[in-house]
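# Structural characterization, general
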Amino acid sequence: MSFLQRPGKEEIAAGLAAVVLVSLATLFWLRRESSSDASGERSAPRSLDAELPVDPALRTGTLSNGLRYFVRANTSPKQRAELRLVVNAGSVLEHDDQLGLAHAVEHMLFRGTRHFPRRTVEEYMRSIGMRPGHDINAHTTTDETVFNITVPTDRAGAIDTAMAILADMAHEATFDQAEAHTEAGIVFEEWRSSRGAQSRLTDQRNALLLSGSRYSGHPTIGDTAVLRRFDVGAMRRFYNTWYRPELMAVAVVGDFDERTIEKLITKHFGIIPSNSEPRVRPAIFVPRAHEPRAATLTDVEATGTRVGIWYPRASTSRRTVGDFRRELVDELWRDILNARLEAAAEQPGSPLLSGDVSAVQPVRPLRAELVSAVVMDGGATTAVDQLVGEVARLAQRGPTAHELSVHGDALLKRRRQATDWLDASDDLVEGYVDAFLADEPATDSDTEYELAQEIVPTIRIADLVAAARRMSIERGALVLVTAPDSHSLADVSPAKLVAQARAATARVVDQRTASMDSVTLFRELPTPGTIATEEMLPQIDAVQWTLSNGMHVILKPTEFSHDHIEFRMIGTGGASLASDADYPSAYYSDGVIRSTGVGPVNGTRLARMLDASSIDFSRSVSDEAISFSGSVDPRGLEMFFQVLNLNFTSPRSDTVAFRRYHDRALSFIAHREADPDAVFYDTSAVTTEQHHRRSLHNTGPFIREVSLPKALAFWNARMSNAASFTLVMTGDFSLRQVRPLIARYLASLPRGIREQPRDNGIRFPSATVQREIFAGVGPRAKTQITLSGPFDSSSEANDALDVARDVADLALGDQLRETLGGTYGVSVSTDISSAPPARYRVVIEFEASPQRIDTLANAAIAELQRLASRGPTREQLEKTREAEVRDLDHKLESNDYWADELSWHAHMGWPFSTIMSHQQHARDLTMKDLRDACAKYLQTSRYSRVTMYPRRNDAQ
């Protein structure tokens, strides 16, 4: 489901949203609960030396061979189980002839073990409706390797087989030479696909951060010379050395009986032989620098200037209540510093486009606080001064009492919200993986919230000052500036950066003041409208209201999760209704309103209010629609409806905020043409739309045409037509609860007319078009093949498009990756445009070596032609059908799913009853259905193909 947001707009929107969406303030005090004994007195606080309590629902143990296990029953989602095999070994343990082979071993375990030879694992997973890459996958880092499998628990034998697969991976690898030949190409393509500006800059950064340690010479992706040899003997040595039960754990969480799972673990993993001399993982350290350092790094494909100050510190454990308190203190001061950095970035003339502080852990023995910013061109040294100066301000003056109180309450709110949701099995199992690797207690969200309630009130300003003072430039800090080219850093030297940082640290600063005034969004509440009609929708357990102004409201109360409500609102028409002259302002009007704000508050203030509340709120403009989406808990419902009303009735004309927004947008895309992927997607957009004047949205000329008056005029024209909009709400609420709010804040909006998107003449090419571009310095090529045609708008047609996409994804992945070994992966996606004339698109995209990209593209076209003319095989039918059925198993109890489906059906005008028939349609899928879908949607009689090759002639 897509509203056709163009590539690039999301990049700018995400960058700008990150500037304002930060935890800064709260509008209310959260009631702090406290545990009591029988006499009503508060229980004594826990000692800081006490061990952290382990999740009481978790069952753990150690087998006789040393392998540990973690088991927990959980019904979110139902009829699913998450399994993990964890190996406490990664690339840092490789010998020189094995560089990159820890990762290669991970790949080879999917290519054959004793009981699951060659591609048996993938074939089995597809046979039960699970998708390789999503439901079965693995990852390798410098420090560990983790294999993950998701299986249905209502499928007889599935979890038993999954255990057998992981146990075989743990000790029965075969390292088949023929399979290695194919997998070598895939691993090498994974290396190739990562060779962009970000990875090159990261390599340079790590060389500085990890200097003097074994980590600096052992990146996970490895050495290309070793990868080309793909020596199975060297792989086998690594496997035999480090894949040992005493270095392993199995974690299993899901909808099952725990005792049965413990028996299966003993059955499958207990037979792994123990070692007479257990392997001990060596301690590996990262030397700490004693003086501050600085460096400037450039890359021709970098898209902007970034400043980062790394404050390294040794890794610490999280075993006691005191350790948890230290974690909360760190979280609090990061929240406060984040707020201050974002406030600094909002100021006119600031060199900061965005600012952020985060805790990072590039390798296991090294943690760091990273204070970073995207900055204006030429603003690197000034940005260093401002970033370090804000850290110094906290270290010298500490936070204000107001900051401490509001951020403390915001922290508690986040912890409480974590307990409101049903913990998903995948989140729980990843927590147990982390606990094993860090050798720490596996806690649960309820316990952490209880502890936070005890601890947060005890945190004082002095605690935060002490935390800030640990971030000293003189404790081996590293100042990094990255930029597109050396010219932009002509006046920036490492010595100057260190001097700037030291000066900012030493400068005496004033305390910040904080506004404590509250805001009333409405001085006078709107006069309520009425709910004109009510219609029950029994097939989907929902109700539809038509308001007196013609707006539709679809309400589906659920018990899927506690205190959680999803909302979607969509109004048809979108930016297609704007004239060509006004189109840039219309298309970016969502960002303009996000910046300028609504009613009595500007965009920054509104973002802070929302972030301090339970409301997640976003707006979006596409060519076809204007939409709002997000979530809220029942306590925030009135504020949510007030904000929604003000978006319709009172967008602000704030010229100062708009100028800052406009400057930022232009700065974010100033160097975009240096990014080869940006050039690639822009070329694809203009090719598939035949260079229509509305094809590109993220260029300097386009954004320079955005004006505040035009954006507001477009927005106000759309918002005056309430009859064009449909609101969908799903989650933990009652009709009685929302009825008066909807009557007051939505039914009171002006009726207007129901608008429809306009045909602006955008057409797909009438014949096959192929374009070649040459961009980028890395040895990588990329191609995108786009198919398009008329779309008969119906839910059934949408289902058919989905299954055509799935079978194409299956067939192309098998051919290009598994058989030819020419690419790391193939992406097949679809979208539908409801703007007249309605059309569908199928987009196939993959990367490969420049020498093989054309051969693989021809193979892809041939496979699509086969599917369209002869149809899929019986095996492809069965796998596609199973996957479609399984995909919907857990979605039917998801507020997100229902909100998306209901709003999409409302937008497209499809019967809501068809939502319940999706799974049955998948079960009933026949060979004829799939053949017809492929014939309709995978036709290659005409297509667009855009291919990017590297600029350099010596690409490999």
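Residues numbered from 1 in each chain as written. Predicted model: local features only at pLDDT ≥ 70, side-chain atom pairs only at ≥ 80, totals over all residues. Heavy atoms only, no water.

### What about the overall build of the protein chain?
Broken down by element type, the protein chain carries 31 helices and 23 strands. Against the globule reference of 30 Å for 956 residues, the protein chain gives a C-alpha radius of gyration of 29 Å, in line with a compact fold. With the principal axes as the frame, the protein chain shows a C-alpha extent of 80 × 75 × 70 Å. Scored against the burial criterion, the 956 residues of the protein chain give a buried share of 59%. By sequence separation, contacts in the protein chain at least 24 residues apart represent 85% of the contacts at least 6 residues apart. Carbon and sulfur atoms make up 49% of the accessible area of the protein chain, which amounts to about 37800 Å² in all. (Helix = DSSP H or I, 4+ residues; strand = E, 2+ residues; numbered from the N terminus. Rg over C-alpha atoms; globule rule 2.2 N^0.38 Å. Buried < 20%, exposed > 50% of the residue type's maximum accessible area, 1.4 Å probe, protein only. Contact = heavy atoms within 4.5 Å. Areas by Shrake-Rupley, 256 points an atom, 1.4 Å probe, with all protein chains shown as cover.)

### Observations concerning the packing of aromatic side chains
On inspection of all chains with the given rule, the structure shows 26 aromatic pairs. Relative to Phe725, the ring of Phe648 lies with its centre 4.9 Å away and its plane at 70°, an arrangement referred to as edge-to-face. Note that Phe648 is positioned in helix H20 (residues 637-649) and Phe725 in strand E18 (residues 725-731), a separation of 77 residues in sequence. Each member of the pair, Phe648 together with Phe725, is buried. Ring centres of Tyr897 and Trp898 lie 6.0 Å apart, and the angle between their planes is 80°; on these two criteria the pair is classed as edge-to-face. You can call Trp898 buried: its relative accessible area is 3%. An aromatic cluster of three or more residues is present, and its members are Phe567, Phe617, Phe628, Phe640, Phe641, Phe648, Trp715 and Phe725. Cation over ring: Arg279 sits above Trp242, and NZ or CZ is 5.0 Å from the ring centre. (Phe/Tyr/Trp six-rings, centres within 6.5 Å; stacked < 30°, edge-to-face > 60°. Lys NZ or Arg CZ within 6 Å of the ring centre and 35° of its normal.)

### Points about the confidence of the model for the protein chain
Averaged over all residues, the pLDDT of the protein chain is 90; the fraction at 70 or higher stands at 94%. Taken as a whole, residues 10-42 scores under 50 in pLDDT and shows 72 contacts with residues more than four places along the chain or in a different chain. (pLDDT = per-residue confidence, 0-100.)

### Let's talk about the environment of Leu547
Here Leu547 is to be found in strand E13 (residues 542-547). In this structure Leu547 comes out as buried when scored by relative accessible area, which is 1%. Residue contacts for Leu547: discarding those within four places in its chain leaves Thr530, Ile531, Ala532, Val553, Ile742, Leu746 and Ala747.

### A short note on the sheet that holds strand E6 (residues 248-254)
Hydrogen bonds between backbone groups are what pair the strands of a sheet, and the pairing can be parallel or antiparallel. Across the sheet, six strands lie side by side as E1-E2-E6-E3-E5-E4; this open sheet has mixed pairing. Taken across any chain shown, the strands that pair with only one partner, and hence form the sheet edges, are strand E1 (59-62) and strand E4 (136-140). Taken over all neighbouring pairs, the strand axes of this sheet differ in orientation by 15° on average, direction set aside. Pairing of E1 with strand E2 (residues 68-73) involves four bridges; the strand directions are antiparallel. Residue pairing in the sheet places Gly61 in a bridge with Tyr69 of E2. (Pairing = 2+ DSSP bridges. Axes fitted to C-alpha atoms, helices over the stretch in contact; angles between N-to-C directions.)

### A word on H20
Between its first and last C-alpha atoms H20 spans 18 Å; for 13 residues at 1.5 Å apiece the expected length is 18 Å, and the two agree. The buried fraction of H20 amounts to eleven of the 13 residues, a majority that puts the element mostly inside the structure. Regarding H20, the residues found buried are Leu637, Met639, Phe640, Phe641, Gln642, Val643, Leu644, Asn645, Leu646, Asn647 and Phe648. (Expected span 1.5 Å × (residues − 1).)

### Considerations on the sheet that holds strand E8 (residues 305-314)
The strand order across the open sheet formed by five strands is E7-E11-E8-E10-E9, and the pairing between neighbours is mixed. At either margin of the open sheet sits one strand with a lone partner, and together these are strand E7 (293-298) and strand E9 (352-363). Pairwise comparison of adjacent strand axes, ignoring direction, gives a mean angle of 20° for this sheet. Summarising the sheet, E7 and strand E11 (residues 478-483) pair through six bridges and their orientation is parallel. The residue of E11 that forms the bridge with Thr298 is Ala483. Strand contacts of helix H11 (residues 380-397): E8, E9, strand E10 (366-375) and E11, with the helix running at about 35° to E8, the strand carrying the most contacts. Its contacts with the sheet place helix H21 (residues 655-668) against E9 and E10, and it is angled at close to 50° to E9.

### Describing the side chain of Thr142
Tracing the backbone shows Thr142 in the loop between E4 and strand E5 (145-152). Apart from residues lying up to four places away in sequence, Thr142 is in contact with Gly90, Ser91, Val92, Tyr215, His218, Thr220 and Val363.

### Let's talk about the environment of Glu440
For Glu440, the location among the structural elements is in the loop between helix H13 (425-438) and helix H14 (445-455). Here the alpha-carbon distance between Glu440 and Val54, two residues 386 residues apart in the chain, equals 9.4 Å. Excluding its chain neighbours within four sequence positions, the residues that come into contact with Glu440 are Thr316, Ser317, Arg318, Arg319 and Ala435.

### Considerations on the packing of helix H3 (residues 120-127) against helix H28 (residues 874-889)
Orientation of H3 relative to H28, taken along the N-to-C sense of each, is 60°, at an axis distance of 8 Å. Judged on the interaxial angle alone, H28 and H3 are oblique. Between H3, through Glu123, Arg126 and Ser127, and H28, the contact on the second element is made entirely by Glu875, Lys879 and Glu882. Of the residues contributing to the contact of H3 with H28, the split by class is no nonpolar, one polar and five charged. (Parallel < 35°, antiparallel > 145°, perpendicular 65-115°, else oblique. Nonpolar A, V, L, I, M, F, W, Y, C, P; charged D, E, K, R; others polar.)

### A look at the nonpolar core
Of all hydrophobic cores here, the largest spans 83 residues; its most connected members are Val151, Ile265 and Phe269. Apart from the residues within four sequence positions on either side, Ile265 is in contact with Leu63, Tyr69, Val71, Met163, Val250, Val252 and Gly270. Of all hydrophobic cores here, the second largest spans 64 residues; its members include Phe522, Tyr587, Ile703 and Leu741. (Core = buried A, V, L, I, M, F, W, Y, C linked by side-chain atoms within 4.5 Å.)

### Here's the deal with helix H31 (residues 927-937)
Every buried residue of H31 is accounted for by Met927, Leu930, Ala933, Cys934 and Tyr937. Taken end-on, H31 shows its buried residues confined to a sector of 130°, consistent with a single buried face. Those residues of H31 that are buried are in contact with strand E20 (781-790), helix H26 (795-819), strand E22 (839-848), helix H27 (853-869) and H28. (Arc of directions from axis to C-beta.)

### A short note on unusual backbone geometry
Going from Ser76 to Pro77, the amide bond is cis rather than trans, its omega being 5°. Residue placement: Pro77 occurs in the loop between E2 and strand E3 (80-87). The step from Pro836 to Pro837 runs through a cis peptide bond, and the omega angle for that step is -5°. As for its position among the elements, Pro837 is in the loop between strand E21 (826-833) and E22. A positive phi angle, close to 55°, is found at Gln79, a residue other than glycine.

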